[in-house]
Structure formats: structure tokens, C-alpha cells
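What follows is each chain in one-letter form.
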Amino acid sequence: MKPPSSSKTDTDTGLIELLRVVRQTYPNRDISLIEKAYQFSEALHQGQQRSSGESYIQHPVAVATILAELRLDTATIVTGLLHDTVEDTHATREEIITHFGAEIGNLVDGVTKISQISFQTSEEKQADNFRKMILAMAQDIRVILVKLADRLHNMRTLQFLKPDKQMRIAQETLDIYAPLANRLGLSAIKRELEDLSLRFTHPEIYYKLVSHISKKAKEREQYTHDLQTLIETALKDQGYPNARVSGRPKHFYSIHKKMERRNLSFDQIYDITGFRVIVSTIEECYGVLGVIHSIWTPVPGRFKDYIAIPKANFYQSLHTTVIGPDGEKIEIQIRTQEMHDMAERGIAAHWAYKEGKAITKETEKFNWLNRLVEWNRDLSEPNEFLETVKLDLFSEDVYVFTPQGKVLEFPKGATPLDFAFAIHTELGNKCIGAKVNNRMVPLKYRLKSGDTVEVLTSPNQQPNKDWLKLVKTSRARNKIRAFIKAEEHETSKATGELILEKELKREDLRVKKMIQDGTLDEIAKDLSFRSSDDLLSSIGYGKISVRKVLNKIIPKETEAAPTKEVPQSALQRIFEEAKKKEQPASVKVKGIDDLLVRFARCCAPVPGDPVVGFITRGRGISVHSRKCPKVFQTDPHRLVEIEWDKSTKQDRRVKIRVVCSDRPGLLADMSNAIKEQNINITRAQIGTTKDKKAVCHFTIEIKDTSELRRLLSHLEAVPGVILAERVQRKEID
């Protein structure tokens, strides 16, 4: 039963707060359009309630308030008030345009389209949804800003939804929207989205952190106050009386990731408070840094200058970690007020509002978005585009120099090949190595920030598949694949032409003549291929049987009785010998029967995992998880759609890792927890760490992923267990 709906007074309070924020950010702004949009939205949402029981209008008002806090223009704030009208009421885009103009109508339409996207779908569908979102962002970046504000308020009220919806929305937020906020420079929104997501994806971890931090709240507040005073006094004595120092607790998600990354307990995390110094000029930033380093010893390798070399999202600041009082590590950020605004509001800080004039936007500075739009046009494979998007959203940044002194940005782990392809495709194709800081390095060398790179080439060099294992940038990977694909396409086309020619000779037909008169192109389109070249290439690869093509060329009612049996498809021929030696697998290849399948060791998929098949040479189809990195390194032409055979019940082995406190009897408790779920352990490996933690690896037999999830949840309920998770074989083999 829903709580009673909120009163008219509560709704009016929301509007009053919105207008207060608007006037606070821009005192001279005309608010009449905002008031009109509120009245329009309130009338349309009349009688609607949210899951919390409050009037629905409070949601768009809250979204508009978040946008006003970001100091965005009137059109964006109005869009926040109207963003659900087309999707959830009888209003149309045309009505919005009639009442509020084309600009706001287009913004509302863009937000509506993004809201209809679901990322809990198959990998291919997910890739297509990414395309839609990126294109909507490129047309007007304000669309995604409204969507982020919408998602932020939804996350703030997520507790009113059912647990399964909470988990789905929180995970989607963590996977998609928090990285987007980070890429757009919206640090404040990114931090809050991550913390709220952690609350619902791992509530036990979240509330443990809340409990730990609250227990030491007074002690931490006193420590922060004392240290803040100490820094302020030192800066004042050294000629920086106007420097503003503040201490802030790190957000829960960052503490959780640090504990997870370094396998630490909460008591081992000391630097949970960070300090920030705001000054007036860049010169003062470096001066303050000198003062800080004169007071306390800096930690080697922990100084980062994002002022000289800003992050991809235009974040600028000096970061340093020093050994403070009592030997505790202290993280300090130093920046100007302008840099601070950019750090908190990101791309929103690039929007300049002027009453009655056009809005100036500088989205061209966000080149990564422009690159994604270009790749959307270039890439035909949905999974390739999905990989490209993820690389650009999640990459850590490395900054290197050309010999001319130009700074280029790359993801962590990039190599000279990435550098070469970033300069020019042909330079990448001919790259044989590089000079880094005047020293010869191989292609596998990992670039570091500050490196100066000179590419070495050879006219005889050309890309090969091994290069895909070396590169990190989506541009380099796409260029290498394009080269390999073009070469293999020609080879497979020639093979396909030979196979088809052999069969057509019996009917006194010729492939070349059918190409010349356009007959083969028509047949290709009838079989859902773009051209006869693609059809022939697919025959050569074995992705379509020659029998299927012959049925289109020679209708069955006119086909002469064959003098000999038509050979099997190329794909079936590949597996005929291997098939006789293997038992049937628990997956089915769509459209093809009785083919050998085997499970890849790299990702060890189990029933319930989204899977894809890869055509190997003579060893059947290798089944991979769709998230397996090796899938992205393979030739897309050799991928086939497969699905789990629900009629076949086979246990699959999977490995799990359990991190726990080292105490007597814990292994027995964990074994009993696994036994209670009727799951068999085939192998156990136990080790301890220096900080008295036990790390246990179990190989178990399960039926599907749902059974695995239940087991992991059951294990985490065992006293002393910190974490239970699935691992890939390569992590512990």
C-alpha cells in the first residue's frame, strides 16, 4: 500500500526551492518561462504518484533544481520540468514545441528517447542502445545532462522500489551513468551516483562503511579541524592569507574500491579524509605546493600535475600525498576557484547564460564525443562500437609527447602502436617499433606519462592479428581489424567463388556471368547480404552453406536431379572429423545442427552467462562469454550466435574466491555453507596474507548463474567472510 500522497504545500515548497536556486545563481534571470513550464507539467501529471507516494510533479521539480544548481540555462531547466511529459502523459512533442519552442521541444524529445533505452539486454542490443545515446548526446549535450539529473533524483529515491528493480537500476547507474558523469567532468554527481549505487548493489558493504565512519566521526572531525587549522596557519605565515582550506571525507565507493583493490580492511585505511586548498592564481597553486612539501614529506610517486596536463574531461588540479602528523598519509588537492568549478560541474561549466541571447557551448572541446560519433559511422559491428564506447568511458589516462612537443592522451597500457595509429593510419600500418625518450623500445612497450615518442617504420611491415593483443585504443584496434578484415575478406571471397563455381558447373552456370548481370547481387540481398562480394565471402568462411545459395539460384521445382550429393557447407566440413570424437554440448548453434562445441578456458562460461561462438579451424566452435576480452580480439566474421540448450542439464565447473578473516573453524563453516546449497567442491586452495586474511579458492560444480549467485550470497552471510566472488581461470591458474 502506497503512503498518502504529498500535499499541495509540499509541491509548492519544491517550486519555491527551485526558484530560490535559480535566483541565487543568476539574480537577473527571467523566471516566467520556468513558472509556465511548472504549471504545464503539474497539470499533465495531475493525479500521478511516484512509488514513494508523493505527487509525481515533485520529481521533475527536483530534476530541474539539480540542473539549476549546475547553473545551466533556462531551456535546460525547463526541459527538466517537462522531461517526462511526452513519455508519461498524453502530451506530444508538437505540443511542447507550440508552447515552449523548437529548442526545448527537441531537448525533451532527446531525453525521452534516452529514457526509453534499456541496457539490460543482449550485447548486440546494448551496443545499439549505446549508439542511440551517444548520437543524442552529440546533437545536444544538454540532453545527457538532463538525463543525469533525472537518474540522480531517481537514485535518491530508489529505496521505494522493489529489491530487484533497485539492483538493476543501481548496477546500470554504476556501469553507464556514473562513468558518463565522470567523462563529462561532473565529479559531484559522479560521487553521489557511485555511493547510492553501492548502497543498493552491496548494502552490507555500504552500511558497514557507514557504521565504521560514524563510530569515529567525532575523532575524525577533530583531526580534520586541527589539520585544516595547521595548513591555514602555515600558508598564512608564508604569504597566502586568502587560501581557503577545507577537509572532506572521501565518498564510500572510493573507500570500498581502495579496500578491494589493495585487499585492506577498513582499519587499515587511514587517508579517508582529503584536503583541498583553493587559491586565486595558477602561480599560487605551485607556491602552496612548495609550502605543503616543506612542512611534510611527500610520498614518492603520488604527486600529479593535472594543471600542466589536464585530464580528458578538462579536470585541473595539483594532487599530492604527504606523511602528516602521527605518520598518517594526507591527500591534498590544490586548485583555483575556476578549476574547482570545472571539477564539480564539468561540461556544465562550459555553458554561458546570457539573458535573451543564444547559449554559447564549447562541446567541441570534448573530442572523445566527436570521435564516438565518427566511429558510429565507420563501425558496422555492434560489439565493436560497444567496445569503443566502453574504452572511452572507462579508460585511465596517460599523456605522452610527440617529438614536436604536442601532448596526446591515451588509456593506461597503451603502446607505440596506439601512438602511431593516433598520428596516421599508414604510420600505424608500417610501425615496427619506437624511440621513447631517445631509447629503442619494442611494440609491446607500455607508454608512461611524460614519454616522448618517435615512431619507427618499415615499408615491408603490415598489421597482423597479434597486434590486437598489444593495442589499447579503440582507434588502433579498429584500424588493425579493418586491415585484416579487408585482406581476409578477399581471401574468403576467392574461396567462396571457387566453392560456388564448382557447384554451378553442373548447371552450366558461371559465377562471373552472374556477377556481371547482377543476378548474384539480387540473390545476395534476398539472403540479407549487402552485395555479392559479402555473399561469396560468407560462403568461403562457412557462415552460409552453398546448398542454401543454390536453392535461390536453382528453384527446387526446376532443379535437375543431382548426379552426386552436394557437399556439406564449409563450416560443417571443418568440424566433421572433430565432431565424431566429442560428446554433445549444452549449447546450440543457431541455424546449424550437430556441430562440435567446446568451452573456452579463458572465461569458462556457465549456463545463464550471455555467450557467443567463435569458429575455430578444425576444432569446432569455441564458446566464450560475451564479456570475455578475447572476443574483442577475434575476427567478427568468425563469430556465430549460440544459445544455451535448456533441455540439456550439465553441471559446469566454476571457480570462486572467498576473502575472509583468518579464524579457527572458518573453512569448515564455508564448506558447510556450500554443502547446504547441494553444490559439489572439486578443488580447494587456501592461502593467508600478511594482514591475517584468508584467501580461499574453490572449484565447484553448478547448474547455472542463478545457483552461483545464491551460493555467493550464502557464503557472504558466514561470519568472518568479507567477500565472495566468481573469478576467471586465468586469475588463479
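Residues numbered from 1 in each chain as written. Predicted model: local features only at pLDDT ≥ 70, side-chain atom pairs only at ≥ 80, totals over all residues. Heavy atoms only, no water.

Here's the deal with the overall build of the protein chain
Thought 1: The number of helices and strands found in the protein chain is 30 helices and 21 strands.
Thought 2: Here the protein chain, with 733 residues, has 50% of them falling under the buried criterion.
Thought 3: Residue pairs in contact within the protein chain that sit at least 24 positions apart in sequence constitute 65% of those at least 6 positions apart.
Thought 4: With the model as given, the accessible surface of the protein chain reaches about 36,300 Å², and the carbon-plus-sulfur share is 50%. (Helix = DSSP H or I, 4+ residues; strand = E, 2+ residues; numbered from the N terminus. Buried < 20%, exposed > 50% of the residue type's maximum accessible area, 1.4 Å probe, protein only. Contact = heavy atoms within 4.5 Å. Areas by Shrake-Rupley, 256 points an atom, 1.4 Å probe, with all protein chains shown as cover.)

Focus on the packing of aromatic side chains
Thought 1: All chains considered together, the criterion is met by seven aromatic pairs.
Thought 2: Their ring planes at 40° and their centres at 6.1 Å tell us that Phe410 and Phe419 sit as a pair that is tilted. Each member of the pair Phe410 and Phe419 is classed as buried.
Thought 3: Judged by centre distance (5.9 Å) and plane angle (15°), the rings of Phe599 and Trp644 are stacked. You can see Phe599 sitting in strand 13 (residues 597–599) and its partner Trp644 sitting in strand 17 (residues 642–644), a full 45 residues away along the chain. Here Phe599 matches Trp644 in class, with each residue buried. (Phe/Tyr/Trp six-rings, centres within 6.5 Å; stacked < 30°, edge-to-face > 60°.)

A few points about the sheet that holds strand 9 (residues 431–436)
Thought 1: Strand order across the open sheet formed by three strands is 10-9-11, with antiparallel pairing between neighbours. In the strand order of this sheet, the two ends are held by strand 10 (439–441) and strand 11 (453–457), each with one partner. Taking each pair of neighbouring strands and ignoring which way they run, the sheet shows an average axis angle of 30°. (Pairing = 2+ DSSP bridges. Axes fitted to C-alpha atoms, helices over the stretch in contact; angles between N-to-C directions.)

Concerning the environment of Leu145
Thought 1: Summarising the element assignment, Leu145 is placed in helix 9 (residues 142–156).
Thought 2: Its relative accessible area of 2% is what places Leu145 among the buried residues.
Thought 3: The spatial distance from the C-alpha of Leu145 to the C-alpha of Ala181 is 8.6 Å, given a sequence separation of 36 residues.

Overview of the sheet that holds strand 18 (residues 652–661)
Thought 1: Strand order across the open sheet formed by four strands is 19-20-18-21, with antiparallel pairing between neighbours. Of all the strands in the sheet, the pair left with one neighbour each is strand 19 (680–688) and strand 21 (721–727). Averaged over neighbouring strand pairs, the angle between their axes works out to 20° when direction is ignored.
Thought 2: By the bridge criterion, six bridges tie strand 18 to strand 21 in an arrangement that is antiparallel. Within strand 21, the position partnered with Val659 by the bridge is Leu723.

Here we look at helix 2 (residues 32–44)
Thought 1: The terminal C-alpha atoms of helix 2, which comprises 13 residues, lie 19 Å apart, in line with the 18 Å expected from a rise of 1.5 Å per residue.
Thought 2: Those residues of helix 2 lying buried are Ile34, Ala37, Tyr38, Phe40, Ser41, Glu42 and Leu44. (Expected span 1.5 Å × (residues − 1).)

Things to note about the pairing of strand 2 (residues 273–279)
Thought 1: The buried fraction of strand 2 amounts to seven of the seven residues, a majority that puts the element mostly inside the structure.
Thought 2: The alternating pattern of strand 2 places Thr273, Phe275, Val277 and Val279 and Gly274, Arg276 and Ile278 on opposite faces, both of which are buried.
Thought 3: Of the pairings in the sheet, the one linking strand 1 (residues 244–249) to strand 2 comprises six bridges and is antiparallel in character. Each bridged residue has a counterpart across the sheet, and for Arg244 the counterpart in strand 2 is Ile278.
Thought 4: Across six bridges, strand 2 lies against strand 6 (residues 329–336) in parallel orientation. Its bridge partner being in strand 6, Ile278 is matched across the sheet by Arg335.

Digging into the nonpolar core
Thought 1: Counting 58 residues, the largest nonpolar core has Leu18, Leu82, Leu186 and Leu193 as the members making the most contacts within it.
Thought 2: Broken down by element, this core gets its largest block of residues, eight residues, from helix 9.
Thought 3: With residues up to four places along the chain from it excluded, the contact list for Leu193 reads Leu148, Arg151, Leu152, Met155, Thr173, Tyr177, Ala178 and Ala181.
Thought 4: Core analysis: the second largest hydrophobic core is formed by 25 residues, Val400, Ala414, Phe419 and Phe421 among them. (Core = buried A, V, L, I, M, F, W, Y, C linked by side-chain atoms within 4.5 Å.)

Describing the side chain of Thr320
Thought 1: Tracing the backbone shows Thr320 in strand 5 (residues 318–323).
Thought 2: There is a polar contact of 2.7 Å between the side chain of Thr320 and the side chain of His293.
Thought 3: When residues no more than four places from it in sequence are discounted, the contact partners of Thr320 are Leu289, Ile292, His293, Pro298, Arg302, Phe303, Ile330, Glu331 and Ile332. (Polar contact = N/O pair within 3.5 Å; in protein donor to acceptor, adjacent residues only side chain to side chain.)

Describing the packing of helix 12 (residues 203–215) against helix 14 (residues 252–262)
Thought 1: For the pair helix 12 and helix 14, interaxial distance at closest approach is 10 Å and the crossing angle is 105°. Considered as vectors, helix 12 and helix 14 are oriented roughly perpendicular to each other. Here helix 12 contributes Ile205, Tyr206, Leu209, Val210 and Ile213 to the contact with helix 14, which in turn contributes Phe252, Ile255, His256 and Met259.
Thought 2: Broken down by class, the residue content of the contact of helix 12 with helix 14 amounts to eight nonpolar, one polar and no charged. (Parallel < 35°, antiparallel > 145°, perpendicular 65-115°, else oblique. Nonpolar A, V, L, I, M, F, W, Y, C, P; charged D, E, K, R; others polar.)

Quick word on the pattern of salt bridges
Thought 1: Scanning all chains against the criterion turns up 17 salt bridges.
Thought 2: In this structure, Asp109 engages Arg93 in a salt bridge whose closest nitrogen and oxygen atoms are separated by 3.7 Å. A residue pair is termed long-range when its members are at least 10 positions apart, and Asp109 in helix 7 (residues 102–115) and Arg93 in helix 6 (residues 93–100) qualify at 16 residues.
Thought 3: Arg93 gets classed as partly exposed once you look at its relative accessible area, which sits at 29%.
Thought 4: We note a salt bridge from Glu701 to Arg653, for which the minimum N-O separation is 3.5 Å. On the criterion of sequence distance, the pair formed by Glu701 in strand 20 (residues 693–702) and Arg653 in strand 18 is long-range, its members being 48 residues apart. (Salt bridge = Lys/Arg side-chain N within 4 Å of Asp/Glu carboxyl O.)

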